[in-house]
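Summary of structural features
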Amino acid sequence: MDAEQLMRLAIDKVREGLAAGQSPFGCAVALGDRVLAVEHNLVRLTTDITAHAEINALRSACRAARDIHLEGAIVAATCEPCPMCMSALHWARVDAVYFGATIADATSAGFNELSIPAADIIRLGGSTVKRSARRFSTSGRPEMRRGHTRQRNC
C-alpha cells in the first residue's frame with residue numbers, strides 16, 4: 001500500500017471521529033500491502049490525554065502484527081506527530097511517517113501544541129525514521145476548528 005492510499009484511510013477515519021465528537025486527527029499503519037491499523041483520536045471519549053490517533057494506531061498495529069516492532073511499516077497521519085507520538089513511532093521502529101497538516105497548522109487552528117517539529121525529534125534523538133518523504137496536500141481533509149484547545153492531539 002502506498003502512502004497516498006494510506007492517507008486516504010486516515011482521512012476517512014478522521015471523518016468518523018468527527019462524527020463521534022472527537023478532534024480531527026487520524027492515523028493509518030501499513031506493512032507491505034497489509035493495513036495493520038486505522039484509528040482516530042479518542043482523547044475526549046476515553047478521557048486519556050495520550051489517546052492520540054498515532055498512539056491508538058500503534059497499539060492496534062502492534063497487536064495485529066503480534067510484535068512491538070513494526071520494521072518496514074509506513075504511517076500516514078493527518079497531522080505531524082507531536083513529540084510523544086513521534087517518540088512512540090521511533091520506538092516502534094516504523095520506516096516512514098507521512099503527514100498532512102504541520103504542528104504549526106494545528107497550533108494556528110487553536111490546538112495546544114508543543115512547537116517541536118517531528119524533524120527535530122528525529123534529528124535530536126538520532127532516529128532512523130524517515131519523516132514525510134512528501135508532504136500531503138490538506139485539501140479534502142476536514143478542517144481543524146477552533147475551540148478544541150483542551151483537546152490536543154497531533
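Let me sum up the structure you'll find in this document. (Residues numbered from 1 in each chain as written. Predicted model: local features only at pLDDT ≥ 70, side-chain atom pairs only at ≥ 80, totals over all residues. Heavy atoms only, no water.)

Summing up its helical and strand segments, the protein has six helices and five strands in all. Ordered by position in the sequence, the α and β elements of the protein form the string α-β-β-α-α-β-α-β-α-α-β. The proportion of buried residues among the 154 residues of the protein is 51%. Considering only contacts within the protein whose residues lie at least 6 apart along the sequence, 64% involve residues at least 24 apart. Put simply, the protein shows about 7400 Å² of open surface, and 51% of that area lies on carbon and sulfur atoms. (Helix = DSSP H or I, 4+ residues; strand = E, 2+ residues; numbered from the N terminus. Buried < 20%, exposed > 50% of the residue type's maximum accessible area, 1.4 Å probe, protein only. Contact = heavy atoms within 4.5 Å. Areas by Shrake-Rupley, 256 points an atom, 1.4 Å probe, with all protein chains shown as cover.)

In this section: the pairing of strand β2 (residues 34–40). With six bridges joining them, strand β1 (residues 26–31) and β2 adopt antiparallel strand pairing. When the bridges of β2 are listed, A28 appears paired with V38. What sits between the antiparallel neighbours β1 and β2 is a turn of two residues, in which G32 has the positive phi angle 65°. (Pairing = 2+ DSSP bridges.)

In this section: the packing of helix α4 (residues 83–91) against helix α6 (residues 118–125). In the contact formed by α4 and α6, the axes pass within 9 Å of each other and the chain directions differ by 50°. On the basis of their axis angle, the class for α4 and α6 is oblique. As for the relative orientation of α4 and α6, their crossing is right-handed in sense. Together, P83, M86 and S87 of α4 and A118, I121 and I122 of α6 make up the contact between the two elements. Looking at side-chain class alone, the contact of α4 with α6 contains five nonpolar, one polar and no charged residues. (Axes fitted to C-alpha atoms, helices over the stretch in contact; angles between N-to-C directions. Parallel < 35°, antiparallel > 145°, perpendicular 65-115°, else oblique. Left-handed = near helix turned anticlockwise from the far one by under 90°. Nonpolar A, V, L, I, M, F, W, Y, C, P; charged D, E, K, R; others polar.)

The next thing to look at is the pattern of salt bridges. The final tally for this structure, using the stated rule, is five salt bridges. Between R8 and E4 there is a salt bridge, with its nearest N and O atoms 2.5 Å apart. Taken as a pair, R8 and E4 lie in helix α1 (residues 3–19) at a separation of four residues, close to a single helical turn. Look at R8 and you get partly exposed, because its relative accessible area is 49%. (Salt bridge = Lys/Arg side-chain N within 4 Å of Asp/Glu carboxyl O.)

Let us now look at the nonpolar core. In globular proteins that are soluble, nonpolar side chains generally tend to be buried together. In this structure, V29, L70 and V94 are the most contacted members of the largest nonpolar core, which totals 31 residues. The element that contributes the greatest number of residues to this core is helix α3 (residues 53–65), accounting for six residues. One finds L6, I11, A96 and Y98 within the second-largest nonpolar core, a separate group that totals eleven residues. (Core = buried A, V, L, I, M, F, W, Y, C linked by side-chain atoms within 4.5 Å.)

Turning next to α4. Turning to α4, its buried residues are P83, C85, M86, S87, A88 and L89. Residues of α4 that are buried in the fold lie against α3, β3 (73–79), β4 (96–101) and α6. Backbone geometry just after α4 places R93 at a positive phi near 65°.

The subject of this paragraph is the sheet that holds β4. Across the sheet, five strands lie side by side as β2-β1-β3-β4-β5; this open sheet has mixed pairing. Two strands lie at the open edges of the sheet, namely β2 and β5 (130–131), each paired on one side alone. Along the sheet, α3 makes contact with β1, β2 and β3, crossing β2 at roughly 150°.

Along any regular strand, the residues point their side chains to alternate faces of the sheet. Most of β1 is tucked away: five of the six residues are buried. Where β1 and β3 come together, five bridges link them in antiparallel fashion. Residue pairing for β3: A28 is matched across the bridge by A76.

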